[in-house]
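Read off the chains here:
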Amino acid sequence: MAVKDSTPDQGAGSSPNGAAPGIVQRPLTQPADGAKPQSPPNLTPDQQAKYETVLKTVSSWATVPIKAEKNAPTEPITDDERMWLTRECILRYLRASKWNIFEAETRLQKTLTWRREYGLDKLTSEYISIENETGKQVIMGYDIHARPCLYLLPSNQNTERSDRQIQHLVFMLERVIDLMGPDQETLALLVNFKETKSGENASVGQAKQTLDILQNHYPERLGRALVINVPFLIWGFFKLITPFIDPNTREKLKFNEDLREHVPASQLMKPVGGELEFKYDHSIYWPALNELAQQRRDAYRERWIQGGKQIGEYENFLKGVDIPSVSQDTNTSVTGATSSS
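In this text the structure is predicted, and so the values were computed from the model without any measurement. (Residues numbered from 1 in each chain as written. Predicted model: local features only at pLDDT ≥ 70, side-chain atom pairs only at ≥ 80, totals over all residues. Heavy atoms only, no water.)

Q: Would you explain the overall build of the protein chain in this entry?
A: A tally of helices and strands in the protein chain yields eleven helices and nine strands. Look at the contacts in the protein chain between residues 6 or more apart in sequence, and 73% of them connect residues 24 or more apart. As displayed, the protein chain offers around 16,800 Å² of accessible surface, 51% of which is attributable to carbon and sulfur atoms. (Helix = DSSP H or I, 4+ residues; strand = E, 2+ residues; numbered from the N terminus. Contact = heavy atoms within 4.5 Å. Areas by Shrake-Rupley, 256 points an atom, 1.4 Å probe, with all protein chains shown as cover.)

Q: What exactly am I supposed to notice about the environment of T113 here?
A: Structurally, T113 can be placed in helix α4 (residues 101-118). For T113, a relative accessible area of 4% translates into the label buried. With 44 residues separating them along the chain, T113 and E69 place their C-alpha atoms 9.8 Å apart. Every residue in contact with T113, bar those within four places of it in the chain, is listed here: V64, P65, I66, K67 and A68. (Buried < 20%, exposed > 50% of the residue type's maximum accessible area, 1.4 Å probe, protein only.)

Q: Even after reading the chapter, I still don't get empty space enclosed by the protein, so can you show me in this structure?
A: The gaps of empty space that remain are located by a probe, the size of a water molecule, rolled over the atoms. The final tally for this structure, using the stated rule, is one cavity of 30 Å³ or more. Considering the residues around the largest cavity, the lining is formed by P27, L28, I139, M140, G141, Y142, P148 and L179. Tallied by class, residues from the lining of the largest cavity come to seven nonpolar, one polar and no charged. (1 Å grid on protein atoms, 1.4 Å probe; cavity = no way out; pocket = protein on both sides within 12 Å on 5 of 7 lines; lining within 4 Å. Points joined across faces, edges and corners; volume = space filled by probe spheres on them. Nonpolar A, V, L, I, M, F, W, Y, C, P; charged D, E, K, R; others polar.)

Q: I tried to follow the pairing of strand β5 (residues 148-152) on my own but got confused; where do I start?
A: Side chains on a regular strand alternate between the two faces of the sheet. Most of β5 is tucked away, with five of its five residues classed as buried. For strand β4 (residues 137-142) and β5, the ladder comprises four bridges, and the chain directions are antiparallel. In the strand pairing of β5, I139 is matched with L150. Taking the residues between adjacent antiparallel strands as the criterion, β4 and β5 are bridged by five residues, where A146 takes a positive phi near 65 degrees. Following the backbone out of β5, through helix α6 (residues 163-178) and into the adjacent parallel strand β6 (residues 187-192), one traces a crossover that is right-handed. (Pairing = 2+ DSSP bridges. Right-handed = clockwise from strand over helix to strand, strands pointing away.)

Q: Would you mind going over the packing of helix α1 (residues 45-59) against helix α3 (residues 87-96) with me for this structure?
A: In a packed pair of helices, the relevant descriptors are the angle between the two axes and the axis-to-axis distance. In contact at an axis separation of 10 Å, α1 and α3 are set at 115 degrees when each is read in the N-to-C sense. Crossing hand, α1 versus α3: right-handed. In this structure, α1 contributes K50, Y51, V54, L55 and V58 to the contact, and α3 contributes R87, I90, L91 and L94. Of the residues assigned to the contact of α1 with α3, the class counts are seven nonpolar, no polar and two charged. (Axes fitted to C-alpha atoms, helices over the stretch in contact; angles between N-to-C directions. Left-handed = near helix turned anticlockwise from the far one by under 90°.)

Dropping the structure here:
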């Protein structure tokens, strides 16, 4: 059983900071009753062997390149990077690489280098805050498979095109990952183009850069992408970027569907067909989101330390599920892997 979040849940009947009864202004902390993650298939013996090979390789990494260029200088691998290399992380890269060992190892190292070069540690809530002042990206509720929902609302655009707009999305992806519960590795992306003007949309260049980041450095993280109120001009935009979208990602894209088929009405915002009365107030939502995410990260790190700072640690253990750490699990092989995913 998972350790419960210490932050009180905010349901439809709460009245935070003087808001009208029923209005929600902070992120929800738990999925709706009945929302359950989909169970991944067990690993085959061949997949298990490939996982153990990659685990052995990444466990031997003492340094990581600091730039994505040939013969780039390296620096010692950090605790944060070792903690990032969980069992499930390695498996995500193996699945994304179609179980090609060399490709998975290469991609894992490239992502570690990208995270250094991109400067994820510099993407603080204070630096990103201006981008979200109008609530153009909101993490709110969970879908029917207990995936946290990230809303993209282009009509709320408030800044000129810049690198920080893409950094904003990366920051929010990291916060969504913080809020993923046990047995959950993916998110639901909800994009509402209602009342969006052409000047508020990302350029093709921005879209390609975003796709590159998502596909190369957040593989197997998108569970569902639900796009609604797609105007004619946006259809043309999607046609332009479709060639750059991985086929597996394209299969997860759904256009103009009833969102209540994917998200419980109680956790779906009213403007997109749900029952949740959500009102964005940056002074309330932004600190609440970041405080909740920080609490989750702190608890995750504490569990990693308790487990012996192991590469290949179980994400469920780190999320507070009452299971042994990989170093204590008597059912693991010498490399610290189990036979199920």
